[in-house]
Amino acid sequence: MASETEVAAMRRAIAVSALGLGTTSPNPPVGCLILDSGGRVVGEGFHRRKGEAHAEGNALAAAGHAARGGTAVVTLEPCNHVGRAPACRALLIEAGIARVVVAVIDPTSRGAGGVAELSREGTDVEVGVLADEAELVLGPWLTAVGRGTPFVTWAYCADAEDHRQVPGVDVHGYDAVVGSDGHLREGVPGGHGETFVLPGELSRDAPEMALRALYAAGVRSLLVLGGRGLAELFAAAGLVDEVLVCLTGRAASLPGGELPFSGFRISSVRRLEDHVLVQAQREDPLFRAK
Ligand SMILES: Nc1nc(O)c(N)c(N[C@@H]2O[C@H](COP(=O)(O)O)[C@@H](O)[C@H]2O)n1
């Protein structure tokens, strides 16, 4: 069973993993902490973008020799393939890590997963630690890879006609952002690097096919800004996963001012300056951490 120190380290790894949101795709946002043999934090890392070191590699580099005999606490199963980065399973073994604590198993592992191989090689491995909390960051990526279309968040202002900016909604955590004009841009301009090429426009015809094309381009999370139009096409096709609505208290004074929450449940309500931001998620999310 994970110790209190390991659970606290996992919470920190989950928080740190979110620094990769908006730039890691098509790779997942992952965080990792290294504890030395006495349980002290000696390294921390996250994955920033495809082609760069994985979270485990960054955390091990920060820990150096202090990792020997220690524990790696990581939000996603260490990979077991040599891709653009070396296999994390091999890096952990080389660094002399004695125990690996994992939140969520990687559904995309190629060949035998890192967890199976680490156990086979004699490393003590524990899986499922704070999986539901890790899902707060990994959930959209897991949903996207399970379905083959990006996780779609629809944000709009219930009481305003201009939806280009929804107060309280920050575009940086999303791979791509689209407004009602259909124009696509990265949430972090240039954040995914040069190989990530977005189509200029999101087609209004065949919304599912348009989303599949975005997935093929590497997009795992999409923010749709707008009260009506494009967003409604996605909603009607059951392709919206999350809704963010800004309310100013001038209730439903405009067409579209109602909350389209059929099939959704409110997951948070926050008061921000002069408005309220309501977040709602599907009642039947495709992915749930086990
Ligand atoms: N455990 C883990 N930590 C990370 O930091 C990661 N980015 C991943 N990603 C897994 O490896 C695949 C990407 O491999 P390359 O970077 O292209 O070599 C990705 O599909 C995940 O399965 N895993």
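Details of the structure are given in the entry above.
In this text the structure is predicted, and so the values were computed from the model without any measurement.

About the thresholds
- Residues numbered from 1 in each chain as written.
- Predicted model: local features only at pLDDT ≥ 70, side-chain atom pairs only at ≥ 80, totals over all residues.
- Heavy atoms only, no water.
- Core = buried A, V, L, I, M, F, W, Y, C linked by side-chain atoms within 4.5 Å.
- Buried < 20%, exposed > 50% of the residue type's maximum accessible area, 1.4 Å probe, protein only.
- Helix = DSSP H or I, 4+ residues; strand = E, 2+ residues; numbered from the N terminus.
- Contact = heavy atoms within 4.5 Å.
- Salt bridge = Lys/Arg side-chain N within 4 Å of Asp/Glu carboxyl O.
- Disulfide = S-S within 2.5 Å.
- Near = heavy atom within 4 Å.
- Areas by Shrake-Rupley, 256 points an atom, 1.4 Å probe, with all protein chains shown as cover.
- Axes fitted to C-alpha atoms, helices over the stretch in contact; angles between N-to-C directions.
- Parallel < 35°, antiparallel > 145°, perpendicular 65-115°, else oblique.
- Nonpolar A, V, L, I, M, F, W, Y, C, P; charged D, E, K, R; others polar.

Student: Describe the nonpolar core, and please don't skip the residues or the numbers.
Tutor: The biggest cluster of nonpolar side chains holds 37 residues, and the ones touching the most others in it are M10, I34, I97, V100 and V104. Within the residue set of this core, elements represented by two or more residues are α1 (4-17), β1 (31-35), α2 (55-63), β3 (71-76), β4 (99-104), α4 (114-120) and α5 (131-147). Top element by residues in this core is α5. It accounts for six residues. Those residues in contact with M10 that lie beyond four places of it in its chain are V73, V74, T75, V101, V102, A103, V129 and L130.

Student: Please set out the pattern of salt bridges residue by residue, giving values where relevant.
Tutor: Counted according to the given criterion, the structure contains 12 salt bridges. Salt-bridge contacts for R89 lead to E121; the nearest nitrogen and oxygen are separated by 3.2 Å. Taken together, the positions of R89 in helix α3 (residues 88-94) and E121 in the loop between α4 and β5 (124-127) put the pair 32 residues apart, joining distant regions of the chain. Residue class for E121 comes out partly exposed when judged on its relative accessible area of 36%. D284 is the partner of R282 in a salt bridge, and the nearest nitrogen-oxygen pair spans 3.4 Å. The buried category is assigned to R282, whose relative accessible area is 18%. In this structure D284 comes out as partly exposed when scored by relative accessible area, which is 46%. Because the salt bridges share partners, they merge into one network encompassing E6, R99, D124 and E126.

Student: Please give an account of the environment of A231 that cites residues and values.
Tutor: With respect to the element layout, A231 can be found in helix α7 (residues 230-236). Sequence separation between A231 and A155 is 76 residues, and the spatial gap between their C-alpha atoms is 8.8 Å. Non-local contacts of A231, meaning those with residues more than four positions away in its chain, are made with W154, V224, G226 and V240.

Student: Tell me what's going on with the state of the cysteines, and back it up with residues and numbers.
Tutor: All told, the structure shown has zero disulfides when counted by the stated rule. C88 provides the cysteine sulfur closest to C32, a residue in no disulfide bond, and the two sulfurs are 8.3 Å apart. Since its relative accessible area comes to 0%, C32 is described here as buried. For the unlinked cysteine C79, the closest cysteine sulfur is that of C88, found at 3.7 Å. Taking the relative accessible area as the measure of exposure, C79 reaches 9% and is therefore buried.

Student: Which residues make up the site of the ligand, and what are the values?
Tutor: In the vicinity of the ligand, 19 residues are found, and the nearest of them are K50, H54, A55, E56 and D106. Here the ligand loses 96% of its free accessible area of 510 Å² to cover by the protein chains.

Student: Account for the packing of α1 against α5, with residues named and values stated.
Tutor: Running from N to C, α1 and α5 cross one another at 10 degrees; their axes reach a closest spacing of 9 Å. Considering the angle they form, α1 stands roughly parallel to α5. Counted together, R11, I14 and S17 of α1 and E133, A134 and V137 of α5 form the full contact between these two elements. Residues that form the contact of α1 with α5 fall into these classes: three nonpolar, one polar and two charged.

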